[in-house]
Amino acid sequence: RAGVEIALIDSPAAARYNTALAQSYKTPGNEDQQVFHTLFNIALIVLSMALIVAILLQTRGGGLGSLFGGDAMGGQYKVRRGLEKTLFQITIGLSIAFFVMVIISVILVTI
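A brief look at the structure comes next. Every value quoted in this text rests on a predicted model; they were computed, and no experiment measured them.

Some remarks on the overall build of the chain
Step number 1: Assigned secondary structure in the chain consists of four helices and zero strands.
Step number 2: Ordered by position from the N terminus, the helices and strands of the chain form the series α-α-α-α.
Step number 3: The 111 residues of the chain split such that 14% are buried.
Step number 4: Counting contacts in the chain only where the partners sit at least 6 residues apart, residues at least 24 apart contribute 64% of the total.
Step number 5: About 8900 Å² of surface is accessible on the chain, with carbon and sulfur atoms providing 67% of the total.

What follows is the structure, encoded as structure tokens:
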């Protein structure tokens, strides 16, 4: 990766940018950081896809009437049991993990 240059504009500012870019690839430990960021982003993508699947697998309890304050189930509450309860708890866990990983990702980008 050493010697990577981008010819933006033939100006002193572009030359300084190209020099800084080339030196950033030469710093020790930078390749490890790039591998870590890549693996972290892949994990974030996999986690987001798992969260989407978990949300889509849940049963659709209410109709459009419940969206506007109506009671779609006639005043009855549905208790989650068995697999439905487990899927609900997995969805909560995935959403918390996704939120934490996004916060960590933002912190890593700003470092």
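Picking up where we left off.
With respect to the environment of Thr-59
Step number 1: Among the structural elements, Thr-59 can be located in the loop between helix H2 (30-57) and helix H3 (64-67).
Step number 2: The residues touching Thr-59, leaving out its near neighbours within four places in the chain, are Lys-78 and Glu-84.

Description of the nonpolar core
A general trend in soluble globular proteins is that nonpolar side chains are found buried together.
Step number 1: Phe-40, Leu-44, Leu-47, Leu-51, Ala-54, Leu-87, Leu-94 and Met-101 form the largest nonpolar core, which has eight residues in total.
Step number 2: Looking at this core, the elements that each hand over two or more residues are H2 and helix H4 (83-110).
Step number 3: When residues of this core are assigned to their parent elements, the largest contribution, five residues, is made by H2.

The rules we used
- Each chain carries its own residue numbering, running from 1 in the written order of its sequence.
- Two thresholds apply to this predicted model, a pLDDT of at least 70 for residue-level local features and 80 or more for giving and counting side-chain atom pairs, whereas whole-chain, interface and lining totals are computed over all residues.
- Working from all heavy atoms in the structure, the side-chain values ignore hydrogens and water.
- Under the scheme used here, helices are H or I runs from DSSP no shorter than 4 residues and strands are E runs no shorter than 2 residues, and both carry numbers assigned from the N terminus.
- When accessible area is computed with a 1.4 Å probe and restricted to protein chains, residues below 20% of their type maximum are described as buried, those above 50% as exposed, and intermediate ones as partly exposed.
- Any two residues whose heavy atoms approach within 4.5 Å are treated as being in contact.
- Residue exposure ignores everything except the shown protein chains as possible cover, and the areas themselves are Shrake-Rupley values with a 1.4 Å probe.
- Each nonpolar core is a collection of buried residues, namely Ala, Val, Leu, Ile, Met, Phe, Trp, Tyr and Cys, held together in the definition by side-chain atoms within 4.5 Å.

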